[in-house]
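Fold and geometry: a report
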Amino acid sequence: MILTVDVGNSRIKAAVFEGDILLEPFVFKKEELQKNIQNILKNFTNTTHLVVASVGNVEKQAFLEFEKDIAVHFVSHGDQFPFANEYETPLTLGIDRMVLAAGATLQFPGKNRLVIDAGTCVTFDFINVSNEYLGGAITPGLQLRYKSLHDFTANLPLLALESPKNIIGNSTAESIHSGVVNGLVYEIDGFIDEYRALYSNFIIILTGGDTDFLAKRLKNTIFANSNFLLESLNQTFQYKIKND
Ligand SMILES: Nc1ncnc2c1ncn2[C@@H]1O[C@H](COP(=O)(O)OP(=O)(O)O)[C@@H](O)[C@H]1O
Ligand SMILES: CC(C)(COP(=O)(O)O)[C@@H](O)C(=O)NCCC(=O)O
Ligand SMILES: [K+]
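Residues numbered from 1 in each chain as written. Chains lettered and ligands numbered in written order. Predicted model: local features only at pLDDT ≥ 70, side-chain atom pairs only at ≥ 80, totals over all residues. Heavy atoms only, no water.

All residues in the neighbourhood of ligand 1 are listed as Gly8, Asn9, Ser10, Arg11, Lys13, Ala118, Gly119, Thr120, Gln143, Gly208, Gly209 and Asp210. Within the side chain of threonine 120, one N or O atom sits 2.5 Å away from an oxygen atom of ligand 1. For ligand 1, an oxygen atom lies 3.1 Å from a polar atom in the side chain of glutamine 143. Surface burial for ligand 1 is 71%, taken as the share of its 570 Å² of free accessible area covered by protein chains. (Near = heavy atom within 4 Å. Polar contact = N/O pair within 3.5 Å; in protein donor to acceptor, adjacent residues only side chain to side chain. Areas by Shrake-Rupley, 256 points an atom, 1.4 Å probe, with all protein chains shown as cover.)

Looking now at helix H6 (residues 228–243). Over its 16 residues, H6 extends 22 Å from the first C-alpha to the last, a length consistent with the 22 Å expected when each residue adds 1.5 Å. Within H6, burial applies to Phe228, Leu229, Leu230, Ser232, Leu233, Asn234, Gln235, Thr236, Phe237 and Lys240. (Helix = DSSP H or I, 4+ residues; strand = E, 2+ residues; numbered from the N terminus. Expected span 1.5 Å × (residues − 1). Buried < 20%, exposed > 50% of the residue type's maximum accessible area, 1.4 Å probe, protein only.)

Here the largest pocket is characterised by a volume of approximately 690 Å³. Along its surface, the largest pocket is lined by 37 residues, and Lys13, Asp117, Gly119, Thr120 and Gly209 are the ones closest to its centre. If you list the elements that add at least two residues to the lining of the largest pocket, you get strand E3 (21–28), helix H2 (95–107), strand E7 (113–118), strand E8 (121–127), helix H3 (142–151), helix H5 (211–215) and H6. Partitioning the lining of the largest pocket into residue classes produces 13 nonpolar, 16 polar and eight charged. (1 Å grid on protein atoms, 1.4 Å probe; cavity = no way out; pocket = protein on both sides within 12 Å on 5 of 7 lines; lining within 4 Å. Points joined across faces, edges and corners; volume = space filled by probe spheres on them. Nonpolar A, V, L, I, M, F, W, Y, C, P; charged D, E, K, R; others polar.)

Moving on, we get to the nonpolar core. Ranked by size, the top nonpolar core spans 25 residues in total, and within it Leu114, Ile116, Phe124, Ile188 and Leu214 carry the most contacts. Contributions of two or more residues to this core are made by E7, E8, H3, helix H4 (172–198), strand E10 (203–207) and H5. No other element matches H4, which puts eight residues into this core. Residues contacting leucine 114, with those up to four places away along its chain left out, are Phe124, Asp125, Phe126, Ile192, Tyr195, Phe202, Ile203, Ile204 and Ile205. Residues Phe83, Met98, Ile127 and Phe237 belong to the second largest nonpolar core, which totals 24 residues. (Core = buried A, V, L, I, M, F, W, Y, C linked by side-chain atoms within 4.5 Å. Contact = heavy atoms within 4.5 Å.)

The subject of this paragraph is the pairing of strand E2 (residues 12–18). Summarising burial for E2: five of the seven residues are buried, a large majority. Pairing geometry for strand E1 (residues 2–7) and E2, over six bridges, is antiparallel. Within E2, the residue paired with aspartate 6 across the bridge is lysine 13. Hairpin geometry of E1 and E2 is characterised by an intervening segment of four residues between the two adjacent antiparallel strands. For E2 and E3, the ladder comprises seven bridges, and the chain directions are antiparallel. Residue pairing in the sheet places lysine 13 in a bridge with valine 27 of E3. (Pairing = 2+ DSSP bridges.)

Shape is all these values report; function is a separate question.
Structure, rendered in structure tokens:
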């Protein structure tokens, strides 16, 4: 069994895999990292590997204590990946985006693929049919949009995510919900339309904490899978073992 851990900028996601089967997913805060990992390992005693992809501010040392019981692998730019990295600054590319690109490459062979990860940031990643990673885009995620409207203005309240009632917001709260939610939905649909002008055929995978909220609001057809990063992490690690 493999325990995969995805350290994002907002929260930590983890899952135990038996082969390709996801047995159980977990979500926790970085302050509760050690306690949660200990508990998972206690409940899944057949776990042989702990595989971590981190873009959040949790360092390798946080996982050192588990090395006495289990093999720990921190995914890094030097690992084997199943695509050619055409990013002009490959070493600055987020490890989460590399793992997503690897998962898309392995799970959808022979296709152009667009991966959209709606987390703290919304990232777009494009891998063409020749398995070349071309790049994409980084834009603020839903929570970040709500928070920046509040943090960088004198008068705007901090609101929790809510579905806008109308495109025309008729109050401060409704204007914010319309701007944040409709704004991001149009942005994603607009990006997809632009990609379609460049590539007539590609599959679209949507993942991240806001997957379900966004999926039903997009006009485009997508594969919505909030566990795609964890599944990709499991596959990236298996690919590495096979190719090392
Ligand atoms: N319990 C929760 N805590 C924080 N964010 C949540 C929660 N449930 C859903 N979300 C949504 O998930 C998004 C963060 O997604 P996530 O994939 O966890 O981010 P990251 O990988 O950057 O840590 C936020 O924009 C938020 O709207
Ligand atoms: C863009 C990100 C902040 C997204 O992080 P997340 O929303 O998943 O927490 C992360 O992938 C990152 O730090 N990237 C480095 C810059 C780049 O990918 O080019
Ligand atoms: K993201």
